[in-house]
Amino acid sequence: MGQKVHPYGFRIGINKPWRSRWFVERDYDKLLVEDVQLKKELKEKLKAAGVSSVEIERPGNKLRIMIRTARPGIIIGRKGAEIEKLKVDLQKRTNREVFIDILEVNKPELDAQLVAESIALQLEKRVGFRRAMRKAVDSALRFGCKGIKVRVSGRLNGAEIARSEWYLQGRLPLHTLRADIDYGFAEARTTYGVIGVKTWIYRGDIYQQRRREPQAVVGTSVF
């Protein structure tokens, strides 16, 4: 059997950063549980805003939350009212000074998590799974990705026996560490059971810029 590895975790420290960035010597477990709960609740609360990921930093006794979203206007609200409300709510809950950064996802069609959630939403609205998959694949390729794979698993079209189907277009070099591969997972809670949606998007290679050493020129003279 092939041993599968998460494409994001496989590349951490090479071309992907950690999604929680902090260091403590004690109470590590409490902060870790707090991180997981915060991310889960924010994703649920801001479902309409199309949240791709939530990153957390803890400088000192402060808490900085970076939310990547396709629709930043929904989170910010009129004159920043919604984001202030969210900030006050998080400060009360964590007893820390909270800073919230909203980062806009310019091309939601190339964000694997948002693509997976979009397909899941369509499946919940009883759109045919093949049509939803093809639409996602076509739009990603139109926006310039190098390759995309979409896989759905479960009781497709309400069938008695669960099965998997997938589409692959372009290249998807999962074993190449320099490859910028985005991965997303979502669940569609339909009337006949849960259908899992996985998405892989290959956006090209990331090359580390190597610092070039100045080279000495030997045996040349200008008169």
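Parameters and conventions
- Residues numbered from 1 in each chain as written.
- Predicted model: local features only at pLDDT ≥ 70, side-chain atom pairs only at ≥ 80, totals over all residues.
- Heavy atoms only, no water.
- Core = buried A, V, L, I, M, F, W, Y, C linked by side-chain atoms within 4.5 Å.
- Buried < 20%, exposed > 50% of the residue type's maximum accessible area, 1.4 Å probe, protein only.
- Helix = DSSP H or I, 4+ residues; strand = E, 2+ residues; numbered from the N terminus.
- Contact = heavy atoms within 4.5 Å.
- Polar contact = N/O pair within 3.5 Å; in protein donor to acceptor, adjacent residues only side chain to side chain.

Let's talk about the nonpolar core
Phase 1 of the analysis: Ranked by internal contacts, the top residues of the largest apolar core, which has 23 residues, are Ile-119, Leu-123, Ile-148, Val-152 and Val-197.
Phase 2 of the analysis: Broken down by secondary-structure element, the contributors of at least two residues to this core are α5 (112–124), α6 (129–142), β5 (147–154), β7 (179–190) and β8 (193–205).
Phase 3 of the analysis: Excluding residues within four positions of it along the chain, Ile-148 makes contact with Ala-136, Val-137, Ala-140, Leu-141, Tyr-167, Leu-168, Gln-169, Thr-199, Trp-200 and Ile-201.
Phase 4 of the analysis: Membership of the second largest hydrophobic core comes to 16 residues, among which are Leu-38, Leu-46, Val-51 and Leu-90.

Some words on the environment of Gly-196
Phase 1 of the analysis: Note on placement: Gly-196 falls in strand β8.
Phase 2 of the analysis: Of the residues examined, Gly-196 reaches a relative accessible area of 16% and is grouped as buried.
Phase 3 of the analysis: On a C-alpha basis, the gap between Gly-196 and Ile-119 in space is 10.0 Å, while along the polypeptide they are 77 residues apart.
Phase 4 of the analysis: With sequence-adjacent residues up to four places away left out, Gly-196 is seen in contact with Arg-151, Val-152, Ser-153, Phe-185 and Ala-186.

A few points about the side chain of Glu-34
Phase 1 of the analysis: Position of Glu-34 relative to the elements: it lies in helix α2 (residues 28–45).
Phase 2 of the analysis: Owing to a relative accessible area of 17%, Glu-34 belongs among the buried residues under this scheme.
Phase 3 of the analysis: Side-chain polar atoms of Glu-34 contact the side chain of Arg-58, separated by 2.9 Å.
Phase 4 of the analysis: Engagement of the side chain of Glu-34 in a polar contact is seen with the side chain of Arg-96, the distance being 3.3 Å.
Phase 5 of the analysis: Excluding its chain neighbours within four sequence positions, the residues that come into contact with Glu-34 are Arg-58, Thr-94 and Arg-96.

Brief notes about the environment of Val-127
Phase 1 of the analysis: Residue position: Val-127 is located in the loop between α5 and α6.
Phase 2 of the analysis: According to the relative accessible area criterion, Val-127 is partly exposed, its value standing at 24%.
Phase 3 of the analysis: The spatial distance from the C-alpha of Val-127 to the C-alpha of Ile-206 is 36 Å, given a sequence separation of 79 residues.
Phase 4 of the analysis: Excluding its chain neighbours within four sequence positions, the residues that come into contact with Val-127 are Gln-122 and Ala-132.

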